[in-house]
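Coordinates in review
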Amino acid sequence: MIPFWAVVLIKSALLLFVVVTTFAYAMLVERKVLGWMQLRPGPNRVGPWGLMQPAADAAKLILKEDLTPKTADPLIYRLAPFISLLTAFSVYAVIPFGASADQGTWAIGNPNAGILFVLAIASIGIYGISLGGWASGSKYPLLGSVRATAQMISYELAMSLSFVGVLILAGTTSLDGIVNAQARWWFVLPQFVGCVIYVITAVAETNRAPFDLVEAETELVAGFHTEYSGLRFGLFFIAEYVNMLTVSCIATLLFFGGWNAPFGLAMVPGVVWFVLKVACFMFFYMWLRATLPRLRYDRLMAFGWKVLLPVATLNLVVTAIIVAYKG
Amino acid sequence: MSPYVPVAIYLCVALAAALLFTVLPGLVARRKPNPQKLEAYECGVEPTSAVSGRFPVRFYLIAMLFVIFDVEAASFYPWAVQMHALRVFGLLEMIVFIIVLAIGYAYVWKKGGFQWR
């Protein structure tokens, strides 16, 4: 009989392997999709259809020289990418991927405070970026990181408020409870405003186009990771893509019914639906990047504080009124 | 058993993986440092001045506002989960809370706290 902790250990290692592999191929798919949208083939030299490109990139990043600027704070400089990556990985401890009658919810752990755990861990991720830029001892990274911090905390507010509407309807903070509450209606219908706010803030939280002010190359070279090279840069890069995947999973769980099948197509297993919905979100991300120009920083901050925050609050008040009188 | 035991085990595995990625460049990557490479990057010229660490005070203001409004957002959570039980009573309580906050929000807006100049 295999002890319980060994089972969890193997599951955890497998899950991490899946997450890292998904990152590698999400990166390839993004470059392909961007290529097609700009009428060029995208990466197609390494292996058939460019399928070995992630392996080639990884080998290159690992072998590249690892430089630490002499003005940098060496310990924190090395700690920052580690924090980013660790927090990006950690969220998957509570994300459920599916459910079956005999095995219950498919997740590493399924605490009642699932959504709070996700928010708490995701907030720590900001430290990686702000410390990385500060510890580089260089001007562009410093500016990039204070910008990033201000942007991420501003949008985190609207993000946490956009969840409240869902919590009112579901009456629970556990992620599988929220999915089960969507068996009849996906929350994207009653919480459409909340969903739109969440998607906007999710793009801003992960520092992706059009909110990639953090690495606005026309102003800040490469933002907070200007001084990083080799695999240490790679860690920030992995963290960014894993975070993209995380917010796609959260959007699927909170607003798009998780593993609930649409149109009563229940013969396809739930986990397939979950993966399909997450994949749609990832594609949406890439589409945004190919389509939209970058915002100006003052507009970005004004939008977060003057539009998203009041609209999110209004949304939760309206939801509460409806639940109080009708629910 | 507590649902946090598997979470803790997973966090240990994630820690090990992240640690592996962090020490790997120190072991595998080649190193050939020279004084030019170790300069902080400044568009290819020698850095004209040391990093003073100074940046606009606006960023501090944003951080302070964040702390205030994030505590507010956190206090919505327990209320939201109980909304089906609290009904109209919970609604009125929360509306009073939001009105108090809205006064502060309007004050910050009027004072130009959200203005980025």
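Once a new chain begins, its residue numbering starts again from 1 and follows that chain's sequence as written. Chain letters start at A and ligand numbers start at 1, both assigned in the order the entries are written. In keeping with the model being predicted, local features are shown solely for residues with a pLDDT of at least 70 and side-chain atom pairs are shown and tallied solely at 80 or more, while totals for entire chains, interfaces and linings include all residues.

With that settled, the discussion passes to the environment of Phe23(A). All names here are of chain A. Helix numbering and strand numbering both begin at the N terminus, where a helix is a DSSP run of H or I of at least 4 residues and a strand a DSSP run of E of at least 2. Here Phe 23 lies in helix H1 (residues 4-37). Think of it as a crowd count around each C-beta: if 20 or more other C-beta atoms lie within 10 Å the residue is buried, if 12 or fewer it is exposed, and in between it is partly exposed, with C-beta placed from the backbone throughout. Residue Phe 23 is classed as buried on the basis of its 21 C-beta neighbours within 10 Å. For the pair Phe 23 and Tyr 241, spaced 218 residues apart in sequence, the C-alpha separation works out to 5.9 Å.

Take the domain arrangement of chain A next. All names here are of chain A. An automatic or database domain assignment is the source of the domain bounds shown. For chain A, the assigned domains are domain 1 (1-63) and domain 2 (69-325). Within the residue set of the side of domain 1 that touches domain 2, elements represented by two or more residues are H1 and helix H2 (53-63). It is H1 that contributes the most residues to the side of domain 1 that touches domain 2, 14 residues altogether. Amino acids are sorted into nonpolar (Ala, Val, Leu, Ile, Met, Phe, Trp, Tyr, Cys and Pro), charged (Asp, Glu, Lys and Arg) and polar (every other residue, Gly among them). In terms of residue class, the side of domain 1 that touches domain 2 is built from 12 nonpolar, three polar and two charged.

Before going further, it helps to examine the interface of chain A and chain B. You'll often see interface size given as the accessible area lost when the parts meet. Across the contact, 69 residues belong to chain A and 51 residues belong to chain B. Counting only elements with at least two residues in the side of chain A that touches chain B, the list comes to H1, H2, helix H3 (74-90), helix H5 (139-170), helix H9 (230-255) and helix H11 (297-325) of chain A. A total of 14 residues in the side of chain A that touches chain B trace back to one element, the largest contributor, which is H5(A). Of the residues in the side of chain A that touches chain B, the class split is 43 nonpolar, 16 polar and 10 charged. The contact criterion used is a C-beta to C-beta distance within 7 Å, with each C-beta placed from the backbone.

Moving on: the confidence of the model for chain A. Known as pLDDT, the predictor's confidence for each residue is given on a scale from 0 to 100. Per-residue confidence for chain A gives a mean pLDDT of 85; residues scoring 70 or more make up 98%. Taking the mean pLDDT of every element in chain A, the minimum, 69, falls on helix H8 (residues 217-220) of chain A and the maximum, 90, on helix H7 (residues 192-205) of chain A.

On to the packing of H7(A) against H11(A), then. Residue and element names in this part refer to chain A. Between N-to-C directions, angles cover 0 to 180 degrees, with each direction set by a line fitted to C-alpha atoms, over the stretch in contact for helices. Here H7 crosses H11 at 150°, and the two axes come no closer than 10 Å. When the axis of H7 is compared with that of H11, the two are roughly antiparallel. Relative to H11, H7 is oriented so that their crossing is left-handed. Contact with H7, carried on its side by Val 193, Gly 194, Ile 197, Ile 200 and Thr 201, involves Leu 308, Val 311, Ala 312 and Asn 315 of H11 and no other residues of that element. Orientation is classified from the angle alone, with under 35 degrees giving roughly parallel, over 145 giving roughly antiparallel, 65 to 115 giving roughly perpendicular, and any other angle giving oblique. Here is the rule for handedness: rotate from the far helix to the near one, and if that takes an anticlockwise turn smaller than a right angle the crossing is left-handed, while a clockwise turn gives right-handed.

The span one expects for a helix is its residue count, reduced by one, times 1.5 Å. With 17 residues, H3(A) ought to run about 24 Å at 1.5 Å a step, and its terminal C-alpha atoms sit 25 Å apart, in line with that. For H3(A), a buried count of 13 out of 17 residues is recorded, marking the element as mostly surrounded by other parts of the structure.

This brings us to the packing of H1(A) against helix H10 (residues 270-291) of chain A. Residue and element names in this part refer to chain A. Across the interface, H1 lies against H10 with an axial gap of 10 Å and an inter-helix angle of 45°. As summarised for this structure, H1 and H10 are arranged oblique, according to the angle between their axes. With respect to the hand of their crossing, H1 and H10 are arranged in right-handed fashion. Across from Ala 26, Glu 30, Val 33, Leu 34 and Met 37 in H1, the residues of H10 making contact are Met 282, Phe 283, Met 286, Arg 289 and Ala 290. A class-by-class count of the residues in the contact of H1 with H10 yields eight nonpolar, no polar and two charged.

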